[in-house]
Amino acid sequence: MAGERVNVVRGGAVAVWQAVWACYAFVLLEWLFLVTQQGFMVSFPRTVWASTLACLPLVLLLPSLAVLPPLLGVEALLARLPEGSRARTLPVASAVPALVLTGLSFLLIDNFTYTLFGFGVVTVSKSLLFLYVLLLLVLFGTLVRKLARARQEVLASDGWRCRLAVAGGLVTLSLGVLALRLAGGREAPEQEAPLASATARRPNVLFIASDGLEARRMSAYGYERPNTPFLARFKERTLFFENAFSNAGRTTGSLTSMLTSRLPTSTRVIFPPHILSGEAAFQHLPGLLRRAGYETHQFTVRYYADGADLNLQGGFERAGGRELSTDVPSGPWRNLMEERYVAERMAERLSERVLYVLGLRPMVNYFKLVQLPTRIYGWDTDEDRIKGALAVAEKAQRPFFTHIHLMGTHCCAYRKSPEPVFARTPAATPEEQRENMLDDAILDADRLIERLLTGLEERGLLENTLVVISSDHNQGWMTLDRVPLMIHFPGGQRHGVVKENAQLLDVAPTVLEAVGLSVPGWMEGRSLLSAPRGPTEPILSTGEVDSMRTEANWERISRLRDPGPPLYGLSTLSAVVCDQWWTLQLKTGELQKGKVSGHTAPCAETSLPADPDIRRTLLTHLRERGFELADPR
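Reading guide: rules and limits
- Residues numbered from 1 in each chain as written.
- Predicted model: local features only at pLDDT ≥ 70, side-chain atom pairs only at ≥ 80, totals over all residues.
- Heavy atoms only, no water.
- Core = buried A, V, L, I, M, F, W, Y, C linked by side-chain atoms within 4.5 Å.
- Buried < 20%, exposed > 50% of the residue type's maximum accessible area, 1.4 Å probe, protein only.
- Helix = DSSP H or I, 4+ residues; strand = E, 2+ residues; numbered from the N terminus.
- Contact = heavy atoms within 4.5 Å.
- Phe/Tyr/Trp six-rings, centres within 6.5 Å; stacked < 30°, edge-to-face > 60°.
- Lys NZ or Arg CZ within 6 Å of the ring centre and 35° of its normal.

A. Focus on the nonpolar core. Ranked by size, the top nonpolar core spans 70 residues in total, and within it Phe 207, Phe 241, Phe 401, Leu 485 and Val 511 carry the most contacts. Per-element accounting of this core gives the leading share, five residues, to helix H14 (residues 507-515). With near-sequence residues (within four places) excluded, Leu 485 lies in contact with Tyr 221, Leu 239, Phe 240, Phe 241, Ala 244, Val 468, Ile 469, Ser 470, Ala 502, Leu 504, Val 507 and Leu 528. Cys 23, Leu 72, Leu 107 and Leu 129 belong to the second-largest nonpolar core, a separate cluster that totals 38 residues.

What follows is the structure, encoded as structure tokens:
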């Protein structure tokens, strides 16, 4: 009896070692993948890289160790079965490390086949997915047998003590790193303390933008074709900004700067794979509104414009059809939010493939969704986004904040309109046809906005909803032309035309003032209601980026070629003063300038800053924010 107990203890020790080894191997290889692919990890400091590698195995290990004792107990019971019973030697406890290693092997095989032969889980025909199910079963069965055999060999060689010591050393190291991370924790800053609960009187907030839409291309702003008839009427009920500008030439940077009221050069979120990191991940409008009692929803696209993907911690409760965690710990645990983000991405890499193979969920090429929106999940088209936003508004039990980003006007492949007006008949040249299809895409966006706002009005909700209508950047991903900006205030409190320059950076402070919440000090913008911008104040924006099309996770996507220092992928920084723009080429130092097309409030040349002053302003701005560059001139 004593010998049996000793064998059980030794067998348990080896099973623990195998579980530890499997969990650390999984995290190590996934960590190497994330680090070497120059993905979102570039936004995190190296200390987070190290703590991620050390601490994340504990996330896998804790549940693994929790289920090992009962499985070892089952093994002990089975061992008492009569001699000759096949169930007597079933390696039940080996299933735990085998399951972890099956997931790892599945990812490695998928990486290998795609890299060498150009096919992977997402590229094979759906009729052949059963082969991957068989692969998973074979991998699991094979690993269970091999791990069981390895356990017996270790027990026979009496090497279990050494292996258990190694496992204990790894876990001790991880716990030590975890303790160091927690020791640096601190309470949430004062501006992130819980705010007052929302009341029924507090207005709803709705952001709706159409991608890459220039003001000069809209009939609401004077364009000759009637491609925004609804907005041309609705603008009379809004504070209508004739000369508004974006602060980033790419959706990722523009959306992030509008939601955080911080410039892309401050957050270093310019274009994928950049995400928010550190305290910046907690400093944004959705989080402030949620803590004030708002429901928070987002209908955009993954990867480029999704709050969770961009690491807006504690912001949106629902985004892209999925429920999100909004728990934001305070104190020491707050320091581990980057590690949590990495763990979620690792889990998503495996789960999306397994669920796809099992036929439970499709895998999505987000770049294709941006280029030619198609229905995959049921919330991927502009029509789906409008329908979802109306459903949210109708069911809301509290004031809601909803952010919608329409993709039909995204450059440069426009789908055929279901109700064409301008491209009804073929044009004489491909260029004319493209322009006609763009005008139809703008008209479709106008119709969708009309459907949304009319739906809110019919439900009696528009009267108590603050609506911001805008775009993220110009066609061609620039910031030197005007973008639309209209703000509808509840009860028609404010309306009229504003000719002074405005920027999207000022939207969040404006919203906070309008709903009766204080503007935190970390916001770089200011309210358009109480602190209007002077005509000669520069509006800064990130422009061109050094990007490329690349394969990542079996999707052809756009991303920065070099997202890290010294320039973080940025090629140009621009300034707009009155009706004049300047662009600084960061690599050559060349300063270009020109006039803003269609600007309605030009200034006298004598009131504009001199070129050397603008150059100095741009260079100082970059250097103060950690961009390392030398002015060759």
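After that view, the rundown keeps rolling.
B. Summary view of the packing of aromatic side chains. Tallied over the full model, the rule gives 13 aromatic pairs. Summarising the aromatic geometry, the rings of Phe 40 and Tyr 341 are spaced 5.1 Å apart at their centres and angled 80 degrees between planes, so their arrangement reads as edge-to-face. Taken together, the residues Phe 40 in the loop between helix H1 (2-36) and helix H2 (46-78) and Tyr 341 in helix H10 (residues 337-357) connect sequence positions 301 residues apart. Like Phe 40, the residue Tyr 341 is buried in the burial classification. Ring centres 5.1 Å apart and planes at 70 degrees place the aromatic pair Tyr 568 and Phe 627 in the edge-to-face group. Linking Tyr 568 in the loop between strand S14 (555-560) and strand S15 (572-577) with Phe 627 in the segment after helix H15 (611-624), this pair joins segments that are 59 residues apart in sequence. Since its relative accessible area comes to 11%, Tyr 568 is described here as buried. Overall, Phe 627 belongs to the buried group, its relative accessible area being 2%. Connected via pairs of aromatic rings, a cluster forms that spans Phe 40, Phe 44 and Tyr 341. Directly above the aromatic system of Phe 240 lies the positively charged group of Lys 235, at a separation of 4.8 Å from the ring centroid.

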